[in-house]
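So you can see what is in the structure, the chains are spelled out below.
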Amino acid sequence: MLSPKPSAPLDVSKLPTLDSHLKSLPPDLARLISSFAQISMDMQTQFPKYLRGASGDRNKYGEATAKLDVWANGHLCDSLIKTGLVRTIHSEELGQPIYYNDSAPFVVTLDPLDGSSNIVTNNPFGIIMGIYRDDLPQKGRKLAAAVYKLYGPVNTLVYSAGLGVHEFVKHYHADGSAEFLLLNENIELPKKAEVFGIGSDPLAWDSRLRSFAKDLFKKEKLKARYCGSFVADFSQVLHKGGFFAYPSTSKNPDGKFRLYYECIPLAYLCEEAGGASWDGRASGGSILDSKADSADARSPLYLGNKDLIAKLKSAMRN
Ligand code: FDP
C-alpha cells in the first residue's frame, strides 16, 4: 500500500504570536502573562539539572518534595517578583505567602510544578497560575486570568482572561530562538466526550461515584485516561471532551487538590471553554463559587462536559 502523501507543514510565519494575541487585554495583565510565558519557556533548559532525587524536605501539606519542585518554585517566585507586577504570591510550595510590592497590581496563585511524581518517569507535568487583582480569599469568578503551561512532547501554554480559551505552542525558529505561536483559538470542549480520569483510591470512593464511573465506560463509552498530572489530564478533557475528578473519599473528605493552586484556575478554563465544574458539595456549586478562608485549603474537584457533570450530580443525589 502506498503511504499517504505527508501533509504540508504549518506556515508558522502566518501564526499570531502570544504577544500579539495578548494585545486585547489590559496592558499590565498582558505583560504578566507574557512574562510568565517567557519564564516558563526558559525554565525548561534547567530541568535536567534537577531531575534526580528528593529535596529532603516536606511542603506545608507534609508531602516530600522533589528537587525540581523546590527549584521551580524559587525560580518562578523570584522571576515573577522581578516583573514588578506582582503584589503577593501564594504558592503550594511556600510555607507563607510572599508579600512584596504593595503598589503592584496582581496577586498570583502558583502550583509551580504540577504532577511532580511524573518527573522521574519523563511523563508530562506543568505549572498552574491564577491571577487576581484583589487579595485572597476570593471566589474563582474574580480571576483576572488563569494560565497553564504543559511540558509534554511539545510545550504548550493555555490562557484565558475571560475572552475565550487559547492555546499556544513553543516554536523554535531557525536561529534557535523560541516563541509561543497560536495553536488553537477559542477552544470549546467537544460536545461528544471521549475520555475520563479519576484520581485516588477507587475503594475509598463513594459507591455512587464508582457506579457513575462504570456508567462512563458502559453507557457513555468513554476511554479511561489518567496520567497523574492534573494539567495533562485536564488538557485531554479540554481537547477531547470528557470528565476528570479528584474526589472526596472516606479517607480524605476534602480530596487532595488545592482549591486555589489547582482547582480554581483549571475550573475557570474549563468553564470558559463551555464545560462545568463542581466542588462536590450538596449545594451543587461550581468550583468558581467556592471560597475558603485559607489559601492552602483543599477541595474535592469534578469537571468536564456540562452533561456529564449534571449526570454526576444527579447520581450523587440518589
Ligand atoms: P503530584 O502530587 O504528583 O504533584 O495535586 C498534585 C498531583 O500530582 C496532580 O497533578 C495529580 O493529578 C495528582 O496529584 C496525582 O495524585 P495521585 O498520585 O494520587 O494519582
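Shown above is the structure to which this text applies.
Residues numbered from 1 in each chain as written. Predicted model: local features only at pLDDT ≥ 70, side-chain atom pairs only at ≥ 80, totals over all residues. Heavy atoms only, no water.

### Overview of the nonpolar core
- L29, I33, M43, L80, I89, I131 and Y159 are the most contacted members of the largest nonpolar core, which totals 44 residues.
- Every element with two or more residues in this core is listed here: helix 2 (27-43), helix 3 (67-82), strand 3 (86-91), strand 5 (106-114), strand 6 (125-132), strand 7 (143-151), strand 8 (155-160) and strand 10 (178-184).
- If you tally residues by element for this core, the top one is helix 2, at nine residues.
- Not counting residues within four places of it along the chain, the set of residues in contact with I89 comprises C77, L80, I81, L94, P97, I98, V108 and L110.
- Ranked by size, the runner-up nonpolar core spans 40 residues in total, among them L136, I187, L238 and L269. (Core = buried A, V, L, I, M, F, W, Y, C linked by side-chain atoms within 4.5 Å. Buried < 20%, exposed > 50% of the residue type's maximum accessible area, 1.4 Å probe, protein only. Helix = DSSP H or I, 4+ residues; strand = E, 2+ residues; numbered from the N terminus. Contact = heavy atoms within 4.5 Å.)

### With respect to the site of the ligand
- By nearness alone, 13 residues border the ligand, and D114, Y226, Y246, K256 and E262 come closest of all.
- Here S117 contributes a backbone N or O atom positioned 2.9 Å from an oxygen atom of the ligand.
- K256 is positioned with one of its side-chain polar atoms (N or O) 2.8 Å from an oxygen atom of the ligand.
- Coverage of the ligand by the protein chains reaches 81% of its 460 Å² of free accessible surface.
- Counted by class, the shell around the ligand contains four nonpolar, five polar and four charged residues. (Near = heavy atom within 4 Å. Polar contact = N/O pair within 3.5 Å; in protein donor to acceptor, adjacent residues only side chain to side chain. Areas by Shrake-Rupley, 256 points an atom, 1.4 Å probe, with all protein chains shown as cover. Nonpolar A, V, L, I, M, F, W, Y, C, P; charged D, E, K, R; others polar.)

### Looking at the pairing of strand 7
- With nine of nine residues buried, strand 7 lies mostly within the body of the structure.
- In the sheet, strand 6 pairs with strand 7 via eight bridges, with the strands oriented antiparallel. Across the sheet, residue I131 finds its bridge partner in strand 7, namely A145.
- Hairpin connection from strand 7 to strand 8: three residues lie between these consecutive antiparallel strands. (Pairing = 2+ DSSP bridges.)

Any link to function would need more than the numbers given here.
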